[in-house]
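# A structural walkthrough
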Amino acid sequence: MATGLPVACLEGSAISAARTAASATLAAGALHPRKERQVLGIIGCGPIAKTVHQHLRADGWFFRYVTAFDLDEKRAQEFGASLDGEDDVRIAGSIAEVADTADLIVFATTAGEPHFFAARHITARHTVLHLSLRDLGAEILLGAQNIVDDPEHAVREGTSVGLAVAEHGDTIVAGTLAQILTADVAVDYERPRIFSPFGLGVLDIAVASYVYDSSAASGQGTEVLDFFADPA
Ligand SMILES: NC(=O)c1ccc[n+]([C@@H]2O[C@H](COP(=O)([O-])OP(=O)(O)OC[C@H]3O[C@@H](n4cnc5c(N)ncnc54)[C@H](O)[C@@H]3O)[C@@H](O)[C@H]2O)c1
């Protein structure tokens, strides 16, 4: 910040996945009533879904089984195989099938606009980690307690929350994850709880800083002493 000069160059995709999964896991712990014997539902089976599963397990979640759906069934199968027996994975034929069996649901698709509107499948039993942000129709959000990471960011770029707020007003957003953690907003177990995190750059910086400090301390980074023309 002081000089504008870069300190380090880091490969960012793993850092982004880690901070996304860590914040999703934090939200799951704060919004869902229990961590044991739950059924985890995964919709969209790419690296983000896989990293979220890893973080949930590391945080002490224990799943009866995992039910997974992807438009590309091969991806759902690869996701199942990648867990290496850590959890029993059952491939579902639709999002509704995942919702009907799961308690905690992760959306990690690449959908560009809402495609799931069947509110009857999302009930008070569910906590939904809506990481891909553009899957759910307004009718589902209207019946839920909506929690975001940042209210200004969460309504940008055609997100489901943004579309629903434009139509129904910002009172549909109950608060932020920070407000849940400080108990300024109470968790509502009478409705489904939906966490829609836009994703905060500051979290990337926090994780990158941790990686940088750890690699510097263990001597794993590569120092490039002649990177700048003027070493001073
Ligand atoms: N909110 C955040 O902070 C945050 C951070 C990082 C990534 N993301 C988002 O997470 C999502 C997943 O990222 P990824 O790297 O795993 O992507 P990916 O492309 O590797 O995987 C996405 C999977 O979703 C599937 N899919 C697409 N549309 C679907 C639908 N309608 N129903 C079911 N499956 C569907 C695809 O077939 C694919 O297998 C992306 O949308 C990304 O932008 C969010």
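Note that this is a predicted model, so its numbers are computed, not measured. (Residues numbered from 1 in each chain as written. Predicted model: local features only at pLDDT ≥ 70, side-chain atom pairs only at ≥ 80, totals over all residues. Heavy atoms only, no water.)

## A short note on the nonpolar core
Ranked by size, the top nonpolar core spans 30 residues in total, and within it Leu40, Ile42, Leu56, Phe79, Leu104, Val106 and Leu129 carry the most contacts. Of all the secondary-structure elements, those providing two or more residues to this core are helix H1 (13–31), strand E1 (36–43), helix H2 (47–58), strand E2 (62–69), helix H3 (73–82), strand E4 (104–107) and helix H8 (177–181). The element contributing the most residues to this core is H1, with six residues. Not counting residues within four places of it along the chain, the set of residues in contact with Phe79 comprises Ile42, Cys45, Ala49, Lys50, His53, Val66, Ala68 and Val89. (Core = buried A, V, L, I, M, F, W, Y, C linked by side-chain atoms within 4.5 Å. Buried < 20%, exposed > 50% of the residue type's maximum accessible area, 1.4 Å probe, protein only. Helix = DSSP H or I, 4+ residues; strand = E, 2+ residues; numbered from the N terminus. Contact = heavy atoms within 4.5 Å.)

## Here's the deal with the packing of H1 against helix H9 (residues 201–218)
One can describe the packing of H1 onto H9 by two numbers: an axis separation of 9 Å at closest approach and a directional angle of 115°. In this structure, H1 meets H9 at a crossing whose hand is right-handed. Here Ile15, Ser16, Arg19 and Ser23 of H1 lie close against H9, whose contacting residues are Leu203, Asp204, Val207, Ala208 and Val211. Across the contact of H1 with H9, the residue classes break down as five nonpolar, two polar and two charged. (Axes fitted to C-alpha atoms, helices over the stretch in contact; angles between N-to-C directions. Left-handed = near helix turned anticlockwise from the far one by under 90°. Nonpolar A, V, L, I, M, F, W, Y, C, P; charged D, E, K, R; others polar.)

## Remarks on the site of the ligand
In the vicinity of the ligand, 21 residues are found, and the nearest of them are Arg19, Asp70, Arg75, Thr109 and Pro197. Residue Leu71 places a main-chain N or O atom 3.3 Å away from a nitrogen atom belonging to the ligand. Thr109 places a polar main-chain atom, nitrogen or oxygen, 2.6 Å from an oxygen atom of the ligand. Contributions of two or more residues to the shell around the ligand are made by H1 and H2. The residue makeup of the shell around the ligand, split by class, is ten nonpolar, eight polar and three charged. (Near = heavy atom within 4 Å. Polar contact = N/O pair within 3.5 Å; in protein donor to acceptor, adjacent residues only side chain to side chain.)

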